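A look at the structure
Here is what each chain is made of, one letter per residue.
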Amino acid sequence: MKEGRKIQQEEGGDLLTNILTFPILGAPIMVHWVAQKLIEAAEQEELDEGKLQGKLLELQMQYELGEIDDEEYARQETAILERLNAIRKAKEEE
Amino acid sequence: MLGVSMAEEKTREAKYLYCIIKCSQECNFNGVSAVGGHGSQIHTVVFKDLACVVSDSPDTEYDSTRVNMMAHETVIERVMSEFTVLPIRFGTVTTKDSGSPVEDIRHKLLERHYDEFLSLHEDMSGRVELGLKVLWRDEKAIYQEIVAENRELRRLRDSIQGRSAEATHFDRVRLGEIVKKALDQKRDREARMLLTRFHPIADRIRENRIIIDRMVLNAALLVNKDRERECDEVVERLDEELGERMVFKYTGPNPPFNFCQITVKWEKE
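Residues numbered from 1 in each chain as written. Chains lettered and ligands numbered in written order. Predicted model: local features only at pLDDT ≥ 70, side-chain atom pairs only at ≥ 80, totals over all residues.

When its secondary structure is counted, chain A shows four helices and zero strands. Within chain A, the fraction of its 94 residues that count as buried is 24%. At a minimum sequence separation of 6, the contacts of chain A that also span at least 24 residues come to 53%. (Helix = DSSP H or I, 4+ residues; strand = E, 2+ residues; numbered from the N terminus. Buried ≥ 20, exposed ≤ 12 C-beta atoms within 10 Å, placed from the backbone. Contact = placed C-beta atoms within 7 Å.)

This is the structure in C-alpha cells:
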C-alpha cells in the first residue's frame, strides 16, 4: 500500500471556516450563513501568502485523494499562484 | 504557465540546486528532467568529498506548481537511489549578481558549511523518511459522533432551531466554536493513539499541519533502513484494524525533507 512519493510543503489549511461550511446540522440552522460571512471576511482581510499557500496544500490534498481531476487542479492552482505572485510583487514594490 | 514564460526570456546564467551528497567526483544523473523543463543536464559541483547536485537554470523564481515540485523531488529521488541525500528546499537558485555560480556553490555553500553537512550526512545515512497521512473516511460520520457525544452542542442546536438568523447570530458562532474544539480533541486523541504504535520503531517523528478537516494525522517518520519493513507492517495492521474508519496514505522512502531540509540564503560579499 506504500506509494512512491508525495509532495511536501509547510503551512496548512483553514479549519474554522471549513468547519462552519460543513452542513453539520442541516439546512434549518443555516450555519452556512455565518460561514459565508466568515469566508468573505477572511478573503478580504487575509490576502496574505500563508493563507494562499494553505489553499494550495489543500488543493494538493484533494488532488491526491482523487476528489478533483487534473484539469480542475491546474485551473485552481493557476488562480492561486497568480494571486500569490501579485502579493509578492506588491510587497516588493512597497 | 507563470514560471516558464519568465524563464524563457532569460539565458541560463545560474544553477538550480537539488541536494547535497557525499561524492568527490563530478558526475551526471541521467533519466530525469531538470526543474523548469529546459532540458539541462543534472550534474554535480564538487568540493573535497561533498557535492551539490544542480542543473543549469535561468536566474528566475520558480512557482511552486505541482509540476515543478514533482520535478524537484523526482531528481532528488533519482540521486537517492545511489546516495544518501541532504535535500535542498524547492526553488533554490544561485544569485544573478554572482560572478561564478559554481564558485558560489563550492565555497559559499559547501566549504563554508562543510562540517555541518558532514554531520548531517552522518545523521541521515542509513535512515529513510516515510510519510503517513491518515484521514477519516467519512467526515459526516465524524460530525455525527461529535453531535452524539456533546450534550451542550445538542442543546444549543435545538435552541437555535426555528429562530431567525439575526436572533441566533452569536449562538451559531458559539456552535461553530464548540464543533471546532470537539473535532480538534477527537483528532488529537486518535492521532496520539496512532503514533503510539510507531514510537518503538521510528528514530524521529514530525507532525505536520493538518491540511483538511477530515485529516487525523500528517506525519513524517525517520526510520532506520533495517526497520522500514517493520514500519510497513504496523501500517498494514492499522489498516486492517481501522480501515473502515480511516484511510491511510503511506509513502516512501522519501527524501528527508522533514528532517534535514537545507535552506540556502546567499550572503552578499
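Attention now goes to the sheet that holds strand 8 (residues 215-224) of chain B. Residue and element names in this part refer to chain B. With antiparallel pairing, four strands are arranged side by side in an open sheet as 7-8-6-9. Each edge of the sheet is formed by a strand with only one pairing partner; in this case those strands are strand 7 (204-207) and strand 9 (246-254). Neighbour-to-neighbour, the strand axes of the sheet open up by a mean angle of 20°, direction not taken into account. With four bridges connecting them, strand 7 and strand 8 associate as antiparallel partners. Counterpart to Ile 205 in the pairing with strand 8 is Leu 221. Against the sheet, helix 7 (residues 169-196) contacts strand 6 (127-136), strand 7 and strand 8, and its axis sits at roughly 25° relative to strand 8. (Pairing = 2+ DSSP bridges. Axes fitted to C-alpha atoms, helices over the stretch in contact; angles between N-to-C directions.)

Let us look at the confidence of the model for chain B. Residues and elements named next belong to chain B. Confidence along chain B averages 91 in pLDDT terms, with 95% of residues attaining 70 or more. The secondary structure element of chain B with the lowest average pLDDT is helix 1 (residues 2-9), at 44, and the one with the highest is strand 8, at 98. Scored below 50 in pLDDT, residues 1-10 shows 20 contacts in the model against residues more than four places distant or in partner chains. Across the interfaces of the predicted complex, the ipTM metric reaches 0.73, alongside a pTM of 0.80. (pLDDT = per-residue confidence, 0-100.)

Before going further, it helps to spend a moment on the domain arrangement of chain B. Its domain assignment divides chain B into domain 1 (2-125) and domain 2 (128-257). Distance between the C-alpha centres of domain 1 of chain B and domain 2 of chain B: 36 Å. (Domains from an automatic or database assignment.)

A separate point is helix 4 (residues 70-93) of chain A. With 24 residues, helix 4 of chain A should cover 34 Å at 1.5 Å per step; its first-to-last C-alpha distance of 34 Å lies within 8% of that length. Of the positions making up helix 4 of chain A, those classed as buried are Glu 77, Ile 80 and Leu 84 of chain A. Considering only its buried residues, helix 4 of chain A is in contact with helix 3 (49-64) of chain A together with helix 2 (66-80) of chain B. (Expected span 1.5 Å × (residues − 1).)

Another aspect to go through is the nonpolar core. Residues Tyr 18, Cys 19, Ile 20, Cys 52, Val 53, Val 54 and Val 79 of chain B are the most contacted members of the largest nonpolar core, which totals 32 residues. Of all elements in the fold, only strand 1 (12-22), strand 3 (42-47), strand 4 (50-58), helix 2, helix 3 (101-111) and helix 9 (257-260) of chain B reach the threshold of two or more residues within this core. When residues in this core are grouped by element, the largest group, seven residues, is from strand 1 of chain B. Ignoring any residue separated from it by four or fewer positions in sequence, one finds Cys 19 of chain B in contact with Val 53, Ile 76, Val 79, Val 85, Leu 86, Pro 87, Ile 88 and Pro 255 of chain B. One finds Met 61 and Leu 84 of chain A together with Ile 210 and Val 223 of chain B within the second-largest nonpolar core, a separate group that totals 30 residues. (Core = buried A, V, L, I, M, F, W, Y, C linked by C-beta atoms within 7 Å.)

Turning our eyes to something else, we now look at the environment of Met 61 of chain A. Looking at the secondary structure, you find Met 61 of chain A in helix 3. A tally of 23 C-beta atoms within 10 Å means that Met 61 of chain A is categorised as buried. Separated by 32 residues in sequence, Met 61 of chain A and Glu 93 of chain A place their C-alpha atoms 33 Å apart. In contact with Met 61 of chain A, not counting residues within four places along its chain, are Ile 211 and Ile 212 of chain B.

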